[in-house]
Amino acid sequence: LTFFSHLREIVSLRRWELVSVKQVLVGIKLSHCSWLQVPTGGKSGPPQRSLSDSLKETELFSKWLLWFMNGFIIPTIKAFFYVTEHSDYRNHVFYYRKAVWSRVVKRALRDKTGVMFTPISKEEAGLMLLHRKTLGISNLRFLPKANGVRPIMKLGSKGKLPSVLPGRQVSVNYQLQNALHILRYEKDKRPELVGSTVTGYEDIYRRLKTFKDRQMDISATESRPLLFVRVDIANCYDSILPEKLFDILQQKVLTEPTYLLRRYTTAMVSKGKIRRCFKKAATTRAECEPFFQFASNLSKNTSLRNAILTDMVLYPVESRLRILELLRNHLFGNIIQVKGECYRQIQGIPQGSALSSLLCSFYYSELEKQCLPKRDPRNEL
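So, here's what we can say about the structure. For every chain, the first residue of the written sequence is number 1, and numbering continues from 1 along that sequence. The model is predicted, so local features are restricted to residues of pLDDT at least 70 and side-chain atom pairs to those at 80 or more, both for listing and for counting; the totals for chains, interfaces and linings are taken over all residues. Side-chain metrics rest on all non-hydrogen atoms present in the structure, leaving aside hydrogens and water.

**Things to note about the packing of helix α9 (residues 242–253) against helix α11 (residues 320–332)**
To get an axis, fit a line to the C-alpha atoms, keeping to the stretch in contact for a helix; angles then go from 0 to 180 degrees between the N-to-C directions. Helix numbering and strand numbering both begin at the N terminus, where a helix is a DSSP run of H or I of at least 4 residues and a strand a DSSP run of E of at least 2. Between α9 and α11, the least distance of the axes is 11 Å, while the angle of their chain directions is 170°. In this view, α9 runs roughly antiparallel relative to α11, as classed from their interaxial angle. When you trace α9 past α11, the crossing you get is right-handed. Touching Pro242, Glu243, Leu245, Phe246, Leu249 and Gln250 of α9 are Arg320, Leu324, Leu327, Arg328, Leu331 and Phe332, all from α11. Gly counts as polar in this scheme, as do all residues outside two lists: the nonpolar Ala, Val, Leu, Ile, Met, Phe, Trp, Tyr, Cys and Pro, and the charged Asp, Glu, Lys and Arg. Broken down by class, the residue content of the contact of α9 with α11 amounts to 8 nonpolar, 1 polar and 3 charged. By the definition adopted for this analysis, an angle is roughly parallel if under 35 degrees, roughly antiparallel if over 145, roughly perpendicular if from 65 to 115, and oblique otherwise. Left-handed is the label given to a crossing in which the near helix is rotated counterclockwise from the far helix by less than a right angle, and right-handed is the label when the rotation is clockwise. When checking whether two residues touch, look at their non-hydrogen atoms; a contact exists if any pair is within 4.5 Å.

Structure follows, in structure tokens:
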């Protein structure tokens, strides 16, 4: 019973939670396992066990437990259940019977086909790859939510047609890394491009502090209630029009003819070990400052502390036209595979893309400017 109680706890773990063999052994009496007992040689009474025998029994049972979990329990779960997280419950893990999940996926594909995806043949997908009209072919998974499922493209992994482009292929997100740094540079340089978007706790804190200071000044002269409105955009990513988004990127976001990608490394001690990371930061030729000044500003404006920064000296150059071509192929040539069938995305932007959050911010910021009435910035966040 103790073992089954531990097994229930293991199955109930959330994402990223771990359990050790020692934790599972708590409460289990090895004396109940007859196959571990040392033979008594016909003598009556309980067997006399030395400390080394007890340690050996614990070691053997630990090995058996690992084999039982990895060779029986986990394969059994994989054989009968589709295991996934849920968009509304963060890291909680849910188990769906495979027959049930298969019906869910079929219905989701049927609902999305013709609206968000259009089916294409493998030959057509291969030609798009061959003529560089797409960045690659990725797999699709569905994430359950309260009122349906959300399509998530696995753009960080390599999904391809092996017979089309033999040799080493890279993932879509890897190809978009330079574009990501360049779009971040434009966002940091002109925060108005993302409108009301906040990208982290630091942004939220700055907005709240500024708002609070303004309200303290106003409350000294007049009294009025504060109104908080919580809204959600239905199908936020899926309802974006790629043509409109590309026009925004082309006309308002990417304004420089060329960009420099500053390459550098950071080295710091983490958990007793030296951790080295390779990083990039986009800039322009006119704004490219000496590396010492760059490192000084980085330590002032970020939480980077107790680290060694090394300049990698050679900075690649990306042209505006090259980045626009990448974005065009990403928005209009996104191909996915589901159960061996190929589809091309015709509406929305790929969820799972390294650029999806930024692209969404650019798009809805433009919507704010064009569709929402002018407001007094003193009265809102």
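**Concerning the nonpolar core**
What makes a nonpolar core is a set of buried Ala, Val, Leu, Ile, Met, Phe, Trp, Tyr and Cys residues whose side-chain atoms join them at distances within 4.5 Å. Burial classification: accessible surface area is computed with a 1.4 Å probe over protein chains only, and a residue below 20% of its type maximum counts as buried, one above 50% as exposed, and the rest as partly exposed. In terms of nonpolar packing, the biggest core is built from 48 residues, with Leu183 and Leu249 touching the most fellow members. If you tally residues by element for this core, the top one is helix α12 (residues 356–371), at 6 residues. The residues contacting Leu183, other than those within four sequence positions of it, are Leu249, Val253, Leu254, Leu355, Leu358, Leu359 and Phe362. Grouped together as the second largest cluster of nonpolar side chains are 13 residues, Val24, Leu30, Ile73 and Ile77 included.

**Considering the pattern of salt bridges**
The salt bridge criterion pairs a side-chain nitrogen of Lys or Arg with a carboxyl oxygen of Asp or Glu, the two atoms within 4 Å. One pass over the structure, following the stated rule, counts 15 salt bridges. The shortest N-O distance in the salt bridge between Arg322 and Glu318 comes to 3.9 Å. The exposure class assigned to Glu318 is buried, which follows from its relative accessible area of 12%. One network of salt bridges, in which partners are shared, links Arg15, Glu85 and Arg141.

**Topic: the packing of aromatic side chains**
Stacked, edge-to-face and tilted are the three classes for Phe, Tyr and Trp ring pairs, Trp counted by its six-membered ring, which pair at centre distances within 6.5 Å; planes under 30 degrees apart are stacked, over 60 edge-to-face, the rest tilted. Across all of its chains, the model carries 13 aromatic pairs by this definition. Relative to Phe72, the ring of Phe68 has its centre 5.3 Å away and its plane inclined at 20°; by these criteria the two rings are stacked. With a gap of 4 residues between them, Phe68 and Phe72 both fall in helix α3 (residues 51–80), about one helical turn apart. Since its relative accessible area comes to 17%, Phe68 is described here as buried. Ring geometry for Phe246 versus Phe332: centroids 6.0 Å apart, planes at 70°, classification edge-to-face. With Phe246 in helix α9 and Phe332 in helix α11, the pair connects residues that are 86 residues apart, well separated along the chain. Residue Phe246 is classed as buried on the basis of its relative accessible area, which comes to 6%.

**Notes on α12**
Working rule for helices: expected span equals 1.5 Å times residues minus one. Compared with an ideal rise of 1.5 Å per residue, which puts 16 residues at 22 Å, α12 spans 22 Å between its outermost C-alpha atoms and is within 8% of the ideal. Within the sequence span of α12, burial applies to Ser356, Leu358, Leu359, Cys360, Ser361, Phe362, Tyr363, Tyr364, Ser365 and Glu366. Buried-residue contacts for α12 involve α7 (177–189), α9 and α11.

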